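Coordinate analysis (summary)
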Amino acid sequence: MTTTTTAPKATIRHLADFVGQTVILQGWLYNKSSKGKLHFIQLRDGTGFCQCVAFKNDLGEELFDQLGALGQESSLSITGEVAADDRAPGGFEIKVKSAHVYQAAEEYPITPKEHGVDFLHNQRHLWLRSKRQWALLRIRDRVIYSLRTFFANEEFVNMDSPIFTPNACEGTSNLFEVAYFDTKAYLTQSGQLYGEAGAMAHRNIFTFGPTFRAEKSKTRRHLTEFWMLEPEMAFAELEDVIQLAEKMIVYVVKDVLDTRAEELKVLERDFSKLEAVTGGFPRLTYDEAAKILEEHPDSEFVYGEDFGAKDETILSIMNDQPLVVTHYPASFKSFYMKRDETGTKALCVDILGPEGVGEIIGGSQREDDLALMQERIKEHELPMDAFEWYNDLRRFGSVPHGGFGLGLERFVGWISGVEHVRETIPFPRMMTRLTP
Ligand code: 4AD
Ligand code: MG
C-alpha cells in the first residue's frame, strides 16, 4: 500500500505555528521580482502578505519559467518551508518547493504606480485587494465586532429597524423616496424612532444597519448609504447618553489597538493618537463652542446656526480626545429632542472626533411628553398621522429616555486615519457614485 503525505494547508496570519514545516499556501500574486535563478513572489492570501522565494534548482526549469511569467493577481498555491525571518515583512519567508497555478491573470489594471481616485473607485471590486484597502476593511470588521461585543457586555438587546419607512426621522430634505405598491415609502435615515419603541419593550437596545440620506454635498464626510449604530435607553437622561458614548468609544479604540496593530501599521497610523483616547472627554456647550469660534480668525460661524464643516474641524483639533458638545439651539435640531428648562436649547450631544475628523456621534434625550411632542411635529410640519404610533410611546408608560447614533464610516475613518469616508465602506454610495 502506498501512502502520499500532503503538507498541511496554512494561512499567512498563522505562519508562526508552522516554522520549520512545509505547508501549502493558497493565494494571489501581489508582486514579483526576479534575479537570475531566483523569483521573489509576494503572496497575499486574504489573511496577510508574505514573501516566497523560489530557486530554479528546486523547481525545475518548466515550473520556474511558469512562475516567472505570472502577472499580478494570478492565483496559485505554493508548497514551501516556513522560515522565521525578522527582515521579511510580516516576519516569515517561504522557501518554495513546488507550486500550482489556478489561473494566470490577465494584465491587471491596478499596478503599484499611482492611480487617480476616480479610476480606483471604478475598479473598487479589484481595489479591495490592495494592501491599504485590505487593512481598512479588516479594521471596519473589527470595529463592528467590537461594538457588538461592547453592547452585548452592557446587556443591550440588538433590535433591527425597518429600511422601508413611512416617515422621516432626520428632516425631509434628504429623504430617498421609493415607490411602494400604490403608495410611497422612504429609505430609513435612522432607526431611532423604532429603537425608542424597542427600549420601552427591552429597556436598553441598539439598532445597527444601513441608513440612507440623499446628500447632495460632496464632502469627505458624507455618503448616501452608511451604517449607523444606535443605542436607545429607557430611564436615561442626557448625561447617561454621554457616558455610554464615551465608554463605547474608549472600549472600541482600545480593542482595535490590541487586535489590529498590523493593519494600523499598513495605514501608517500614529498609534499615540489612539492611545490618548482613555476617557474623560473634554466638554463644551454650544454657547462655549460659539465663543471659541467667534474669536477664531478662520471661522465664518454665525451664532444661532449649526456649525459648518470648517467649524467642526477647528473645534476637533483642539484636543487629543473626542470633544463632547451639548445644548445646541433647539431651532435647528431634530423635532424629537427634549429641551432644557429655558425651552431654547436641546438636550442633545454631538461628539466630534479629534484630529479634525468632525462629528461622529449625534444623540439626545428624547421629548417624553405627548403634548409637547405633538407641538413639535406640527412645528416641523410633519404629518401627524404618520407619527401616531410614535406618539403612542408617550401615551402608554412614557419615561425619560435617550440614545445616540454613531456613524460607522466616520468612526472607522477616524480610527484608521483616512481622510475620506468613501474608503471605509466596501462599495461606497455617493451622489456621483452608484457603481460598481
Ligand atoms: O446626527 P445624526 O443625523 O443623528 C441621527 O440620525 C439620530 N437619529 C441618531 C440617534 O440619536 N439615534 O446622525 C448620526 C451620525 C452622525 O453623527 C454621523 O456620524 C453619521 O451618523 N452620519 C453620516 N455618515 C456618513 N454619511 C452621512 N451622510 C451621514 N449622516 C450622518
Ligand atoms: Mg448630527
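Cut-off values and rules
- Residues numbered from 1 in each chain as written.
- Chains lettered and ligands numbered in written order.
- Predicted model: local features only at pLDDT ≥ 70, side-chain atom pairs only at ≥ 80, totals over all residues.
- Heavy atoms only, no water.
- Helix = DSSP H or I, 4+ residues; strand = E, 2+ residues; numbered from the N terminus.
- Buried < 20%, exposed > 50% of the residue type's maximum accessible area, 1.4 Å probe, protein only.
- Contact = heavy atoms within 4.5 Å.
- Areas by Shrake-Rupley, 256 points an atom, 1.4 Å probe, with all protein chains shown as cover.
- Pairing = 2+ DSSP bridges.
- Axes fitted to C-alpha atoms, helices over the stretch in contact; angles between N-to-C directions.
- Arc of directions from axis to C-beta.
- Core = buried A, V, L, I, M, F, W, Y, C linked by side-chain atoms within 4.5 Å.
- Near = heavy atom within 4 Å.
- Polar contact = N/O pair within 3.5 Å; in protein donor to acceptor, adjacent residues only side chain to side chain.
- Disulfide = S-S within 2.5 Å.
- Salt bridge = Lys/Arg side-chain N within 4 Å of Asp/Glu carboxyl O.

1. A look at the overall build of the protein chain
The secondary structure content of the protein chain amounts to 14 helices and 16 strands. Overall, the C-alpha framework of the protein chain stretches about 85 × 55 × 40 Å when taken along its three principal axes. Across the 436 residues of the protein chain, 51% fall into the buried class. Here the contacts in the protein chain between residues at least 6 apart in sequence split such that 65% fall between residues at least 24 apart. When the accessible area of the protein chain is evaluated, it comes to approximately 20,700 Å², of which 51% is carbon and sulfur surface.

2. Focus: the sheet that holds strand S1 (residues 22-35)
If you trace the five strands once around the closed barrel, you get S1-S2-S3-S5-S4, paired in mixed fashion. Within this sheet the neighbouring strands show an average axis-to-axis angle of 55°, counted without direction. The sheet contact formed by strand S2 (residues 38-44) and strand S3 (residues 49-55) spans seven bridges and is antiparallel. Bridging from a neighbouring strand, Ile41 pairs with Cys52 of S3.

3. Points about helix H2 (residues 61-68)
Those residues of H2 not exposed but buried are Leu63, Phe64 and Leu67. End-on, the buried residues of H2 take up no more than an arc of 100°, which puts them together on one face. Opposite the buried face of H2, by more than 90 degrees, sit the exposed residues Glu61 and Glu62. Looking at the buried residues of H2, the elements they touch are S1, S2, S3, helix H1 (56-59), strand S4 (75-84) and strand S5 (92-103).

4. A closer look at the sheet that holds strand S8 (residues 177-180)
Taken together, three strands build an open sheet; the order of strands is S7-S9-S8 and the sheet is antiparallel. At either margin of the open sheet sits one strand with a lone partner, and together these are strand S7 (164-165) and S8. Bridging between S8 and strand S9 (residues 183-187) involves four bridges; their strand directions are antiparallel. From the neighbouring strand, Ala179 faces S9, where its bridge partner is Lys184.

5. Observations regarding the nonpolar core
Formed by 47 residues in total, the largest nonpolar core has its most connected members in Val143, Met248, Ile249, Phe411 and Ile415. Per element, the largest residue contribution to this core is 11 residues, and it comes from helix H7 (residues 238-259). Excluding its chain neighbours within four sequence positions, the residues that come into contact with Phe411 are Val143, Leu147, Ile249, Val252, Ile360 and Leu406.

6. Section: the site of ligand 1
The immediate surroundings of ligand 1 are formed by 24 residues, with Glu170, Gln192, Arg213, Glu230 and Glu359 found nearest. One of the backbone nitrogen or oxygen atoms of Ile361 is found 3.4 Å away from an oxygen atom of ligand 1. Contact with the protein chains removes 94% of the 630 Å² of surface that ligand 1 exposes when unbound. Those elements that provide at least two residues to the shell around ligand 1 are strand S11 (225-234), strand S15 (358-365) and strand S16 (401-407).

7. Re the state of the cysteines
Tallied over the entire structure, the rule returns zero disulfides. The thiol of Cys50 is unpaired, and the distance to the nearest cysteine sulfur, on Cys52, comes to 4.7 Å. Lacking any disulfide linkage, Cys348 is separated from the closest cysteine sulfur, that of Cys169, by 14 Å. Accessibility expressed as a relative area gives 0% for Cys348, which makes it buried.

8. With respect to the pairing of S1
Bridge count for S1 against S4 is seven bridges, and the pairing is antiparallel. Directly across from Ile24, in S4, lies its bridge partner Thr79. Note that S1 and S2 share seven bridges and pair antiparallel. Paired with Ser34 across the bridge in S2 is His39. Turn length for the S1-S2 hairpin, with the two strands adjacent in sequence and antiparallel, is two residues, and the turn residue Gly36 shows positive phi of about 55°.

9. Overview of the pattern of salt bridges
Tallied over the entire structure, the rule returns 31 salt bridges. Taking the shortest distance from any N to any O, the salt bridge between Lys338 and Glu367 comes out at 3.9 Å. A residue pair is termed long-range when its members are at least 10 positions apart, and Lys338 in the loop between strand S13 (323-326) and strand S14 (348-353) and Glu367 in the loop between S15 and helix H12 (370-379) qualify at 29 residues. Glu379 is paired through a salt bridge with Arg376; the nearest N and O atoms lie 3.8 Å apart. In this pair, Glu379 and Arg376 are both assigned in helix H12, three residues apart and thus about one turn of the helix distant.

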